[in-house]
Amino acid sequence: MQIRMEKVRLNSTDIKRIYFEAFPKKERMPFPMMVAMSKLWNTQFFSFYDGDVPCGFIYLASIGKIVFVMFFAVDKHLRSKGYGSAILQQMKNEYPDKKIIISIKPCDDSAPDIALRKRRKSFYMQNGYKETGYMMKLNGVVQEIVITNGTFIKRELRFFFALYSNGIMWPKIWKQ
């Protein structure tokens, strides 16, 4: 496996397909807006390919000591083949001195997709992420916060969102 990273463009239909398959409509941002936002200094939209085969993408923001991953997906036909781990490792290489934070759906035993949620969380734990013991509610969605490359500090994430959104986004963050 030899993955390469590229910036996502508006005509990246393969990445758009992966995005639409991986995220339900109510959780998605408009694809053109994501591409436009990735032209800003603090937002990146990377696609990953193995040769000519589109493997996945990651959409993130980086401010100060924090990288916050907003969207990350691997093509459904390539999952469990090491591509997701390779992409996460590439991000650690790109941002070696930054805390990388990802929010995931909590492993609530009453959730209808609990098996998927547990697999997803296990995937992150196997790739060096750690539980923070914190939850957050952003855009009406409750998420669990996991981190790699450092210790989670609530005020840092709040400050990150304030800077990223020009003071518009103030997610509720609490200890579990």
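Residues numbered from 1 in each chain as written. Predicted model: local features only at pLDDT ≥ 70, side-chain atom pairs only at ≥ 80, totals over all residues. Heavy atoms only, no water.

Participant: Please clarify how the packing of aromatic side chains should be interpreted in this entry.
Facilitator: Two aromatic rings are characterised by how far apart their centres lie and by the angle between their planes. Per the counting criterion, the structure on display carries 20 aromatic pairs. With a centroid separation of 5.4 Å and 90° between ring planes, the pair formed by Tyr19 and Phe71 is classed as edge-to-face. One end of the pair, Tyr19, is in helix α1 (residues 13–22); the other, Phe71, is in strand β4 (residues 66–74), with 52 residues separating them in the sequence. For the pair shown, Tyr19 and Phe71 are each scored as buried. When the ring of Phe72 is compared with that of Tyr124, the centres are 6.4 Å apart and the planes differ by 55°; the resulting orientation is tilted. In this pair, Phe72 sits in strand β4 while Tyr124 sits in helix α4 (residues 114–126), placing the two residues 52 residues apart along the sequence. Tyr124 carries the same exposure label as Phe72, and that label is buried. Pairwise contacts between aromatic rings join Tyr19, Phe20, Phe23, Phe31, Phe45, Phe57, Tyr59 and Phe71 into one cluster. (Phe/Tyr/Trp six-rings, centres within 6.5 Å; stacked < 30°, edge-to-face > 60°. Helix = DSSP H or I, 4+ residues; strand = E, 2+ residues; numbered from the N terminus. Buried < 20%, exposed > 50% of the residue type's maximum accessible area, 1.4 Å probe, protein only.)

Participant: What exactly am I supposed to notice about the sheet that holds β4 here?
Facilitator: Strand pairing within a sheet occurs via backbone hydrogen bonds; the two strands may be parallel or antiparallel. With mixed pairing, eight strands are arranged side by side in an open sheet as β1-β2-β3-β4-β5-β7-β6-β8. Only two strands of the sheet have a single neighbouring strand rather than two, namely β1 (3–7) and β8 (172–175). With strand direction ignored, the average angle separating the axes of adjacent strands in the sheet is 30°. Lying on the sheet, α1 is in contact with β2 (43–50), β3 (53–63) and β4; it crosses β3 at an angle near 75°. (Pairing = 2+ DSSP bridges. Axes fitted to C-alpha atoms, helices over the stretch in contact; angles between N-to-C directions. Contact = heavy atoms within 4.5 Å.)

Participant: Just to check I follow, could you spell out the layout of surface pockets for this structure?
Facilitator: Rolled over the atoms, a probe with the dimensions of a water molecule shows which regions are left empty. Put simply, the largest pocket is a space of about 1,400 Å³. Every residue lining the largest pocket is counted, 42 residues in all, and those nearest its centre are Phe23, Phe72, Ser103, Arg120 and Tyr124. For the lining of the largest pocket, the secondary-structure elements that each account for two or more residues are α2 (31–37), β4, α3 (83–94), β5 (99–104), α4, β6 (130–138), β7 (141–148) and α5 (154–164). With seven residues, the single largest contributor to the lining of the largest pocket is β4. Partitioning the lining of the largest pocket into residue classes produces 26 nonpolar, seven polar and nine charged. (1 Å grid on protein atoms, 1.4 Å probe; cavity = no way out; pocket = protein on both sides within 12 Å on 5 of 7 lines; lining within 4 Å. Points joined across faces, edges and corners; volume = space filled by probe spheres on them. Nonpolar A, V, L, I, M, F, W, Y, C, P; charged D, E, K, R; others polar.)

Participant: Where do I start with the pairing of β2 in this structure?
Facilitator: Walk down a regular strand and you will see the side chains alternate between the two sheet faces. Among the eight residues of β2, eight are classified as buried, and the element is accordingly described as predominantly covered. Side-chain alternation along β2 places Thr43, Phe45, Ser47 and Tyr49 on one buried face and Gln44, Phe46, Phe48 and Asp50 on a second face that is also buried. As judged from the five bridges shared by β1 and β2, these two strands associate in the antiparallel manner. In the strand pairing of β2, Arg4 is matched with Tyr49. The pairing of β2 with β3 spans eight bridges and is antiparallel. If you follow Ser47 over to β3, its bridge partner there is Phe57.

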